[in-house]
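The residues making up each chain are set out below.
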Amino acid sequence: MGTILKVDKVTMQFGGLRALGDVDFEIQEGEIFGLIGPNGAGKTTMFNCVTGVYNPTAGSVTFDGVAITGKRPDQIVEIGICRTFQQIRLFPNMTALENVFVGVDARHKTQILGAIFRSPRHRREEREGEAKAMKLLEYVGLTRFANDLAKNLSYGDQRRLEIARALGTGPKLLLLDEPAAGMNPVEKNGLRDLVRKIRDSGVTVLLIEHDMKVVMGLSDRVAVLDHGERIAYGKPEEVQKDPKVIEAYLGSGAGGNAASKQSKQEGA
Amino acid sequence: MAAVLKNPGIKRFSDNVAKFWFAMGPFRYLVAAGLMILVPVIMERGYLPEWTLLGYLDGLYGTNILFTTGVWILLALGLNVVVGMAGLLDLGYVAFLMLGAYTTALFTESGSAEQFHFAILNPWLALPIALVVAMLAGVLLGVPTLRLRGDYLAIVTLGFHEIVRQTMNNLEVTNGSRGIFGIPHPSVPVTGELGLDGTPYWQWLLVPAIILAVIMIKHLENSRVGRYWTALREDEVAAAAMGVPVTKMKVLAFVIGASTSGVAGWIYAVKLNYISPNNFPLLQSILVLCAVVIGGLGSIAGAVLGAALVIMLPEIVREASGGAEVFGFDIETGRIAVFGVLLIIVMIFRPGGLLAAKRRRVELMEAGAADMVISEAGPDPDETAAPVGQEPVVTEGDDVRAPSEGGEER
Amino acid sequence: MDCNTGLLGPTFVQGLLLGFIYALIALGYTMVYGVLKLINFAHDAVFMIGGVAAFYVIGQWFGLTDPFTGVGLILVLVAVLVIGGLASSGGAVLLERAAYRPLRKRHAARLSYLISAIGASFFATYLFQQSFLLGPGKRSFPHVMTTEKAFEIFGSRVNNKGVLIIVTVIVCLVLLDRLINQTKTGRSIRALSEDVVAAQLMGVNVTRVIVMTFAIGGFFGGIASALYSLQFGNVVWNMGFIPGVKAFTAAVLGGIGNIRGAMLGGLLLGLIENMSVVCLGNQWSDVVAFVVLPLMLILRPTGILGERIGG
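The rules we used
Residues numbered from 1 in each chain as written. Chains lettered and ligands numbered in written order. Predicted model: local features only at pLDDT ≥ 70, side-chain atom pairs only at ≥ 80, totals over all residues. Heavy atoms only, no water. Axes fitted to C-alpha atoms, helices over the stretch in contact; angles between N-to-C directions. Helix = DSSP H or I, 4+ residues; strand = E, 2+ residues; numbered from the N terminus. Left-handed = near helix turned anticlockwise from the far one by under 90°. Nonpolar A, V, L, I, M, F, W, Y, C, P; charged D, E, K, R; others polar. Phe/Tyr/Trp six-rings, centres within 6.5 Å; stacked < 30°, edge-to-face > 60°. Buried < 20%, exposed > 50% of the residue type's maximum accessible area, 1.4 Å probe, protein only. Contact = heavy atoms within 4.5 Å. Salt bridge = Lys/Arg side-chain N within 4 Å of Asp/Glu carboxyl O. Polar contact = N/O pair within 3.5 Å; in protein donor to acceptor, adjacent residues only side chain to side chain. Lys, Arg positive; Asp, Glu negative; His and termini not counted. Core = buried A, V, L, I, M, F, W, Y, C linked by side-chain atoms within 4.5 Å. Patch = residues over 30% accessible without salt bridge, like charges linked within 9 Å, V, L, I, M, F, W, Y side chains within 5 Å. Areas by Shrake-Rupley, 256 points an atom, 1.4 Å probe, with all protein chains shown as cover. Pairing = 2+ DSSP bridges. Parallel < 35°, antiparallel > 145°, perpendicular 65-115°, else oblique. Domains from an automatic or database assignment. Buried area = accessible area lost by both parts, 1.4 Å probe.

**Quick look at the packing of helix H6 (residues 123–145) of chain B against helix H11 (residues 246–272) of chain B**
The relative placement of two packed helices comes down to the angle between their axes together with the axis-to-axis distance.
Residue and element names in this part refer to chain B.
1) Next: For the pair H6 and H11, interaxial distance at closest approach is 7 Å and the crossing angle is 145°. The way H6 lies across H11 gives a crossing that is right-handed.
2) Next: Of the residues assigned to the contact of H6 with H11, the class counts are 18 nonpolar, five polar and no charged.

**Focus on the packing of aromatic side chains**
1) Next: All chains considered together, the criterion is met by 21 aromatic pairs over all chains.
2) Next: Ring plane angle 75° and centroid distance 5.2 Å describe the contact between A:Phe14 and A:Tyr54, whose orientation is recorded as edge-to-face. You can see A:Phe14 sitting in strand E1 (residues 3–14) and its partner A:Tyr54 sitting in the loop between helix H1 (43–50) and strand E4 (58–63), a full 40 residues away along the chain. Judged on exposure class, the residue A:Phe14 and its partner A:Tyr54 are both buried.
3) Next: Consider the rings of B:Tyr93 and B:Phe96, whose centres lie 5.8 Å apart with planes at 70°: the pair is edge-to-face. This pair shows no difference in class: B:Tyr93 is buried, exactly as B:Phe96 is.

**Here's the deal with the interface of chain B and chain C**
1) Next: On the chain C side, the residues contacting the 64 residues of chain B number 63 residues.
2) Next: Scanning the region where chain B abuts chain C turns up zero salt bridges.
3) Next: On inspection of chain B and its partner chain C, the count reaches three residue pairs in polar contact (both at pLDDT 80 or more).
4) Next: At the level of elements, helix H7 (150–170), helix H12 (282–295), strand E4 (329–330), helix H14 (331–349), helix H15 (358–365) and helix H16 (381–384) of chain B are the ones that each hand at least two residues to the side of chain B that touches chain C.
5) Next: Per element, the largest residue contribution to the side of chain B that touches chain C is twelve residues, and it comes from H7(B).
6) Next: Its residues assigned to classes, the side of chain B that touches chain C comprises 39 nonpolar, twelve polar and 13 charged.

**Observations regarding unusual backbone geometry**
1) Next: A positive phi angle is found at A:Asp22, which is not glycine, with a value near 45°.
2) Next: Using a relative accessible area of 43% as the deciding quantity, one classes A:Asp22 as partly exposed.

**Quick look at the side chain of A:Asp157**
All names here are of chain A.
1) Next: For Asp-157, the location among the structural elements is in helix H6 (residues 155–168).
2) Next: One buried charged side chain, Asp-157, makes no salt bridge at all; its nearest oppositely charged neighbour is Arg-160, positioned 4.9 Å away.
3) Next: Apart from the residues lying within four places of it in its own chain, the contact partners of Asp-157 are Leu-142 and Phe-145.

**Examining the nonpolar core**
1) Next: Core analysis: the largest hydrophobic core is formed by 285 residues, its most contacted members being B:Trp229 and B:Ile275.
2) Next: With 17 residues, the top contributor of residues to this core is helix H1 (residues 8–36) of chain C.
3) Next: Those residues within four positions of B:Trp229 in sequence are excluded, and the remaining contacts are B:Val81, B:Met85, B:Ala86, B:Leu220, B:Met249, B:Leu252, B:Ala253 and B:Ile256.
4) Next: Core analysis: the second largest hydrophobic core is formed by 30 residues, A:Leu5, A:Phe25, A:Leu175 and A:Ile208 among them.

**So, a nonpolar patch on the surface**
1) Next: A cluster of nonpolar side chains, namely B:Val31, B:Leu35, B:Leu38, B:Val39, B:Ile42 and B:Tyr47, defines an oily patch on the protein surface of about 530 Å² accessible area.
2) Next: Relative to the assigned elements, B:Val39 resides in helix H3 (residues 27–45).

**Let's talk about the pairing of strand E7 (residues 173–177) of chain A**
All names here are of chain A.
1) Next: With five of its five residues buried, E7 lies for the most part within the structure.
2) Next: The two faces of E7 match: Leu-173, Leu-175 and Asp-177 on one face and Leu-174 and Leu-176 on the other face are all buried.
3) Next: Bridge count between strand E6 (residues 81–83) and E7: three bridges; the pairing is parallel. Opposite Ile-81, over in E7, you have Leu-173 as the bridge partner.
4) Next: Both E7 and strand E8 (residues 204–208) contribute to a ladder of five bridges, which runs parallel. Paired with Leu-175 across the strands is Leu-206, a residue of E8.

**Section: the sheet that holds E1(A)**
Residue and element names in this part refer to chain A.
1) Next: The strand order across the open sheet built from four strands is E2-E1-E4-E5, with neighbouring strands paired in antiparallel fashion. One side of each edge strand has no neighbouring strand; the edge strands of this open sheet are strand E2 (17–28) and strand E5 (66–67).
2) Next: In this sheet, E4 lies alongside E1 in antiparallel orientation, the contact comprising five bridges. Looking across to E4, one finds that Lys-6 is bridged to Thr-62.

**Points about the packing of helix H9 (residues 241–254) of chain C against helix H10 (residues 259–280) of chain C**
Residues and elements named next belong to chain C.
1) Next: One way to put it is that H9 packs onto H10 with a least axis distance of 7 Å and a crossing angle of 120°. Our classification of the angle between H9 and H10 gives oblique. H10 is crossed by H9, and the crossing has right-handed handedness. Taken together, the residues of H10 that come into contact with H9 (itself represented by Lys-246, Thr-249, Ala-250, Leu-253 and Gly-254) are Gly-261, Gly-265, Gly-266, Leu-269 and Glu-273.

**A few points about the pattern of salt bridges**
1) Next: Counted according to the given criterion, the structure contains 17 salt bridges over all chains.
2) Next: The partner of B:Arg227 in a salt bridge is A:Glu126, with the nearest N and O atoms 2.9 Å apart. One end of the pair, B:Arg227, is in helix H9 (residues 224–234); the other, A:Glu126, is in helix H5 (residues 120–140), on a second chain.
3) Next: The class of A:Glu126 is buried, set by a relative accessible area of 19%.
4) Next: We note a salt bridge from C:Lys246 to C:Asp286, for which the minimum N-O separation is 2.8 Å. In this pair, C:Lys246 sits in helix H9 while C:Asp286 sits in helix H11 (residues 285–299), placing the two residues 40 residues apart along the sequence. Neither residue differs from the other here; C:Lys246 and C:Asp286 are each classed as buried.

**Focus: the domain arrangement of chain A**
Residue and element names in this part refer to chain A.
1) Next: Under the domain assignment, chain A is made up of domain 1 (1–80 + 171–268) and domain 2 (88–170).
2) Next: Inter-centroid distance (C-alpha atoms) of domain 1 to domain 2 is 26 Å.
3) Next: Counting residues at the interface gives 20 residues for domain 1, matched by 13 residues for domain 2.
4) Next: Between domain 1 and domain 2, the buried area comes to about 1300 Å², and carbon and sulfur atoms account for 64% of it.
5) Next: Together, Val-77, Pro-171 and Leu-194 form the three largest contributors to the area buried by domain 1 at its contact with domain 2, with a combined 34%.
6) Next: At the boundary of domain 1 with domain 2, the tally comes to zero salt bridges.
7) Next: For the pair domain 1 and domain 2, the interface holds five residue pairs in polar contact (both at pLDDT 80 or more).
8) Next: Counting residues per element, the ones that place at least two in the side of domain 1 that touches domain 2 are helix H2 (73–79), E7 and helix H7 (185–200).
9) Next: Each residue belonging to the side of domain 1 that touches domain 2 can be placed in one class, and the counts come to ten nonpolar, four polar and six charged.

**Concerning the environment of B:Val270**
1) Next: Locating B:Val270 in the fold gives a position in helix H11.
2) Next: Here the alpha-carbon distance between B:Val270 and B:Ala101, two residues 169 residues apart in the chain, equals 8.2 Å.

**Focus on the pairing of strand E3 (residues 156–159) of chain C**
All names here are of chain C.
1) Next: Going residue by residue along E3, you find Ser-156 and Val-158 tucked away on one face and Arg-157 and Asn-159 left uncovered on the opposite face.
2) Next: As judged from the four bridges shared by strand E2 (residues 149–153) and E3, these two strands associate in the antiparallel manner. Among the inter-strand pairings, Glu-152 is bridged to a residue of E3, identified as Arg-157.

**Remarks on the environment of A:Glu125**
Residue and element names in this part refer to chain A.
1) Next: Checked against the element boundaries, Glu-125 lands in helix H5.
2) Next: For Glu-125, a relative accessible area of 6% translates into the label buried.
3) Next: Distance in space between the C-alpha atoms of Glu-125 and Ile-36 is 39 Å, their sequence separation being 89 residues.
4) Next: Discounting chain neighbours no more than four positions away, the residues touching Glu-125 are Phe-101, His-108, Lys-109, Thr-110 and Glu-130.
5) Next: Within polar-contact distance, the side chain of Glu-125 engages the backbone nitrogen of Lys-109 at 2.8 Å.

So this is what it looks like as structure tokens:
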């Protein structure tokens, strides 16, 4: 198994604020990699740098041996990276099926003329796309909501729908931004199973998560960010004992919430 | 109006009609074409009774109204793609009609001997050129304005209309404010040159153009392209993250939108023989928007109905009242005052328009507090809880949000 | 390009005066944007109402059509401006009541507000075009002030009307500044611009503040309208359209929602538009104004000073 994503000395500067400074890490193919850190540590910024929302001030991101810094979000999706959002961003007035269909469309080739003249390829893609979208809904357990508008789904189902939509684009690397946020314990258990199932199907997962129980239980390896710096990197059990990590979580007020979760995890 | 449309009996009837209509499959386009040709012929002869309202529009007068209506249906169909489907507010849409019409004039044997021409072609050959010029103008308008959000786009497109109009008004090659005379009529093998009497423009040019435009837009709507447009309208950031090429799709919406009005511009020029900047006041751009909105944003049938209402209704009122004034209101200008009120009423009571598109209906009718954060009552928990897919009022993110176009509200 | 440099001085003065008027109108756009985050597409009609009201009250009711001098002139000018301001202010409040508030109650989508405002603007404008009101032609504004040269600058004359414009606009701006920064209403407006939810929690009556904002923006629009009518000597049903679009452009140019931006944008647009006459001739000035905006927005997507709200 080789390296699928290589983040090399990525720095992101917003005016006078340094959101990320020289962050390095590598993700191996087929693993679940956790990116953790207190609020404001730069995790989502890291996501945005990987997915082309931001162009890093310095450093490079390499995916499967190809430099992807500076590419547009849609190009990055085509290369094989897709993401979900911390604040759910579905297409609220499209049905669940249509939401996933938009993701699936990323692998389709029909252009405007093909659509206007209903080319054979267009017909085939419409047929196969719908089948694939239905299959993905089944995969995340939302088949019965296929024709409901996304905004009418429950919170946990919306999170799952976002994952299905991202999987629709056929990613090799899936970025999940706090997928367990706002879920109840039952939903969280379901989510853990889903993430493992996704990994087992051959998709590498990069996970941002606040819930230590979820992230430490799931991840093969983790990187810890604090104030835009990478302060720890390695196996979850090693990282958890790292004094710098404990200090980052306990030392700052912002990390208090996560730290209490962490101590609960350690107690368990 | 809204109450009438909600009446269960009428609703059942209209549902049944719709069911029957769609059961015909592709044949419905043929049936539509047949009706669209048959009814005007009867109307023109004056055989329709007045209670059909169309009965008021007989003779040459009716033919001319019908022609204008046809041109406007094409315009409304195109603008509906831009505003209704892709969600880009364009207040200068008639600029494309102008460009189509002027291109036609400059590529055919128009004007006096001194009139400038790029080439002198058969009027039919000017059609593809007018189409391409309008579409290129769509690219020209689309590319620089893509990064602008809704309100800014509105003013820039409005400016675009004025830029085009004033340019036509000031340039020597377009004969300035005097306009260009003598644009030739095209001829059809069956009937010879299309003259001014009867409904030839309607049946030979407008009906085919409208049907083709409807088919094109319908096909696009139910395809990857249409889904991408909807996704963009719903949430641009999420769309980009799902692989939607934002720039390309927006430009494409402008281009497809412009295409119908390029054709409309050609038809307009070859029918009237004469065009001048005064034929295209800014007001028209806004009236097309009225047509699309009243008919129903995103709804193809709505665009057709809206255009017909905006053009035909004032004329019917004029004929029915038998004068140029009704209650002291001049028909030509007073109708705009009436449409103004109608726009407000539609936006308040039926924001999806008269024939709301299925998706839009849900989106606009339900209290989606999403875009508007100010409410009459105090903040209630449902509203502050950042509805799905919208930029939340307070970002509880763990990262600094850089000012990016994506972060803006639509 | 052949530039007529002899025109430089006069066009500069002309541009400055027009810029001052644009700036005053732009305040209305910018203030409403500040609290509602919406561009008030009906502000052109609000503007028109001011000039037209002054025309009716001064010219038609009181029949004051002859020039005044001395104190009489000052009184009548104040009357013209105040009538214009109050009428537009009333118009703006009515507009809010009819075209904005019902939509706010229903939590309408953004596009709905724009369209409803366009509807209101159409209604008001074309209502006045009807023959039972202004009618389709220009109507001459009461000639209460003769034009006299006041002083000369850059080799071009500034007449007494120019002085009136400059003085009035500066007074208005000082007033607005005090209003926004030193009164309770101003504080509420600023609070609402910053954060709606927080302002509501702090007990700001949102509806009242929105009405006040429309009223204040309308008032300045009305004064601008009265100045505009005095300067050009007539009123016409669609007089709001061009200045409205220009002021709108100016507000966006300077950075909408930003009061200083509105000032800067107004002056800049007035100058650019008029200075272009020097090289391109009269007929291209509108085109120049409309080209400047997209260019500017491409360079700075939120305008020159950005969308910072408040003083």
